[in-house]
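Chain and residue survey
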Amino acid sequence: MNRRIRAALGVALTAALVSTVAPTPAAAHDRRPTVLALPDGFQPEGIAAAGRYAYLGSRATGEIYRADLVSGAGARLSPPTGTPSLGLKIDPRGRLFVAGGTAGDARVVDARTGAVLARYQFASAPTFVNDVVLTRDAAWFTDSNRPVLHRLPLGRGGALPPADGFTTLELTGDFQQSGTGVNLNGIAPTPDGRALIVVQSNTGTLFRVDPATGVTTAVDVPGQSFANGDGLLLLGRTLVVVQNRLNQVALVELNRAGTAGTLRRILTDPDFDVPTTVAAALGRLYLPNARFTTPPTPTTPYSVVAIDGR
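In this report, the structure presented in the accompanying data block is examined. The shown structure was predicted, so the numbers you read here are calculated from the model rather than taken from an experiment. (Residues numbered from 1 in each chain as written. Predicted model: local features only at pLDDT ≥ 70, side-chain atom pairs only at ≥ 80, totals over all residues. Heavy atoms only, no water.)

On to the packing of aromatic side chains. As enumerated under the stated definition, the model contains 4 aromatic pairs in all. With a centroid separation of 5.2 Å and an interplanar angle of 55°, the aromatic rings of Phe122 and Phe141 are classed as tilted. Placement of the pair is Phe122 in the loop between strand 9 (116-121) and strand 10 (129-134) and Phe141 in strand 11 (residues 138-143), with a sequence separation of 19 residues. Each member of the pair, Phe122 as well as Phe141, is classed as buried. Considering the side-chain rings of Phe122 and Phe166, the 5.0 Å spacing of their centres and the 80° angle between planes classify their relative orientation as edge-to-face. (Phe/Tyr/Trp six-rings, centres within 6.5 Å; stacked < 30°, edge-to-face > 60°. Helix = DSSP H or I, 4+ residues; strand = E, 2+ residues; numbered from the N terminus. Buried < 20%, exposed > 50% of the residue type's maximum accessible area, 1.4 Å probe, protein only.)

And the structure:
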């Protein structure tokens, strides 16, 4: 092949590569907001997402707010309860499962109408029902003041149990309650779906929980601490760990059983201001800024930040 032909092929190959990596028109003109304003004074904590909508709970009043992730507009879905609305998850039937914090309870809310479908009183003070995860047959809730998980069994077709139809699982093994601060916090399933992963905020440790026995084992992530660990989210085999006061998100690649993992990446963003929980939607991760280090007032601004989670 002569020099002129080789040069021509090189130009053609370069042009092909450039056209392959150039952004598509949709990506280049993506008008979705990366910061979504919430009502002043809202004090968000939990977030859940379905389609183009995110649902956020107020730790101050219990109000639930629905935000359009494409337009940035939003409105109240469910009115204040006088008790917190913390961790949230939404199921395929359009039901929001809401952790009730110091109220020691959980609510199930219709994501279309805001109506409360059911309420469960797990415990009385001292209690802090903090986060929730949905599995194939149950909703599991953490309690930051107690070494337990609360389980709502889901019947055929997702049927909700009666008001007293929950169970409480005592945790044993490696997990030990530590002091009076926030202990158990976020919760997620293992990649194989056979167990649960929880984070202990004040020690920075991840634990695998056997849902049948309550036996816990520390997840082996060499050389890593997840101090201030808050919300958890499993995406495939990647565990997303929000570290609230560190203003960062850790991505941990787990083995299928969830017994060990490797830190893959740390994500941060200049718009973070103590993010607490995380939801995946529209190819992004969305995190509410709880702003724990800012004294709350009725006019304090709050927001949700969107980041690329790859």
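So, about the pattern of salt bridges. A complete count under the given rule lists 9 salt bridges for this structure. The partner of Asp110 in a salt bridge is Arg112, and the shortest N-O contact between them spans 3.7 Å. (Salt bridge = Lys/Arg side-chain N within 4 Å of Asp/Glu carboxyl O.)

A word on the sheet that holds strand 24 (residues 284-288). Reading across from one edge, 1-25-24-23 is the order of the 4 strands in this open sheet, with antiparallel pairing throughout. Looking along the sheet, the strands with just one partner apiece sit at the ends: strand 1 (35-38) and strand 23 (279-281). Pairs of neighbouring strands in the sheet enclose a mean axial angle of 25°, with direction left out of account. Across 3 bridges, strand 23 lies against strand 24 in antiparallel orientation. Across the sheet, residue Ala281 finds its bridge partner in strand 24, namely Arg284. (Pairing = 2+ DSSP bridges. Axes fitted to C-alpha atoms, helices over the stretch in contact; angles between N-to-C directions.)

Summarising burial for strand 4 (residues 64-68): 4 of the 5 residues are buried, a large majority. Linking two consecutive strands that pair antiparallel, namely strand 3 (residues 53-58) and strand 4, is a turn of 5 residues; a positive phi of about 90° is found at Gly62 within it. Relative to strand 5 (residues 74-78), strand 4 is paired through 4 bridges, and the arrangement is antiparallel. Bridge pairing in strand 5 places Ala67 opposite Gly74. Between the end of strand 4 and the start of strand 5, which pair antiparallel, lie 5 residues, with Gly72 showing a positive phi angle near 85°.

Okay, the pairing of strand 3 next. With 5 of 6 residues buried, strand 3 is to be regarded as a mostly interior element. Pairing between strand 2 (residues 44-50) and strand 3: 5 bridges, direction antiparallel. When the sheet's bridge partners are listed, Ala50 is paired in strand 3 with Tyr53. Turn length for the strand 2-strand 3 hairpin, with the two strands adjacent in sequence and antiparallel, is 2 residues, and the turn residue Gly51 shows positive phi of about 60°. Pairing between strand 3 and strand 4: 5 bridges, direction antiparallel. Residue Tyr53 lies in a different strand from strand 4, and its bridge partner there is Asp68.

As for its placement among the helices and strands, Thr300 is situated in the loop between strand 24 and strand 25 (302-307). What makes Thr300 buried here is its relative accessible area of 7%. A polar contact of 2.8 Å, which involves the side chain of Thr300, links it to the side chain of Thr297. Setting aside anything within four residues of it in sequence, one finds Thr300 in contact with Asp40, Gly41, Arg291, Thr294 and Pro295. (Polar contact = N/O pair within 3.5 Å; in protein donor to acceptor, adjacent residues only side chain to side chain. Contact = heavy atoms within 4.5 Å.)

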